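Analysis of the macromolecular model
The chain contents come next:
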Amino acid sequence: MPCLWLALTVSAPFRVAIDSPWWENYERRDRFRCDQQQVLVLERNESQASILIGGHRSTLFRDRQADNSVRYSGEGLMLRLNGDELQLELTRPMPTLMQCQRTEDV
């Protein structure tokens, strides 16, 4: 998890796309602009999601107990998707919340 934490603290824009392996079979891929500078790519299906930010990838798993939003979580991360808005919460090494907006022009 330290790699993702470092990626989230870097202010350089996301420049390199990393393709997921074909066997993960993500049905959807969206781009989000977070906190005015970071770009996050979210690939997802009904069971899991993969986030790419700053050249690093993390895999999260679907939380079926979510309210009206789509929620995925993993070790030290929680992602909540509600329409065009995405919240990414890191619980360690210290709590951090990123607000992201879906965009097509990133």
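Calculation rules
- Residues numbered from 1 in each chain as written.
- Predicted model: local features only at pLDDT ≥ 70, side-chain atom pairs only at ≥ 80, totals over all residues.
- Heavy atoms only, no water.
- Pairing = 2+ DSSP bridges.
- Helix = DSSP H or I, 4+ residues; strand = E, 2+ residues; numbered from the N terminus.
- Axes fitted to C-alpha atoms, helices over the stretch in contact; angles between N-to-C directions.
- Core = buried A, V, L, I, M, F, W, Y, C linked by side-chain atoms within 4.5 Å.
- Buried < 20%, exposed > 50% of the residue type's maximum accessible area, 1.4 Å probe, protein only.
- Contact = heavy atoms within 4.5 Å.
- pLDDT = per-residue confidence, 0-100.
- Salt bridge = Lys/Arg side-chain N within 4 Å of Asp/Glu carboxyl O.
- Polar contact = N/O pair within 3.5 Å; in protein donor to acceptor, adjacent residues only side chain to side chain.

Here the focus is the sheet that holds strand β4 (residues 56-62). Sheet architecture is closed into a barrel: 8 strands sit in the order β1-β2-β3-β4-β5-β6-β7-β8, paired in antiparallel fashion. With direction set aside, neighbouring strand axes in the sheet form an average angle of 30 degrees. In this structure, strand β2 (residues 38-44) lies alongside strand β3 (residues 48-53), joined through 5 bridges in antiparallel fashion. Each bridged residue has a counterpart across the sheet, and for E43 the counterpart in β3 is S50.

Attention shifts here to the nonpolar core. Residues F32, L40, L42, I51, L79, L86 and L88 are the most contacted members of the largest nonpolar core, which totals 18 residues. Elements with a minimum of two residues in this core: β1 (28-34), β2, β3, β5 (70-74), β6 (77-82), β7 (85-90) and β8 (96-103). Setting aside anything within four residues of it in sequence, one finds L40 in contact with D30, R31, F32, C34, I51, L52, I53, L86 and L88.

Turning our eyes to something else, we now look at the confidence of the model for the protein chain. Low pLDDT marks regions whose predicted coordinates should not be analysed in detail. With 75% of its residues at a pLDDT of 70 or more, the protein chain has an overall mean of 78. Counting interchain partners and residues more than four positions distant, the pLDDT-below-50 stretch residues 1-17 has 33 contacts.

Side chains that differ in charge, positive against negative, can pair when their charged atoms come close. If you walk through the whole model with that rule in mind, you get 8 salt bridges. Note that R29 is salt-bridged to E43, the shortest N-O span being 2.6 Å. Taken together, the residues span a long stretch of sequence, with R29 in strand β1 and E43 in strand β2 at a distance of 14 residues. Given a relative accessible area of 5%, E43 falls into the buried group. Residues joined by salt bridges that share partners form a network here, namely R28, D30, D84 and R102.

A word on the side chain of S50. In this fold, S50 is placed in strand β3. Here R57 takes part through its side chain, which lies 2.5 Å from a polar atom of the side chain of S50.

This brings us to the environment of D84. Inspection of the secondary structure assignment puts D84 in the loop between β6 and β7. Sequence separation of D84 and C100 is 16 residues, and the distance between their C-alpha atoms is 8.4 Å. Each residue touching D84, except ones within four places of it in the same chain, is listed here: F32, C100, Q101 and R102. At 2.7 Å, the side chain of D84 and the side chain of R102 are in polar contact.

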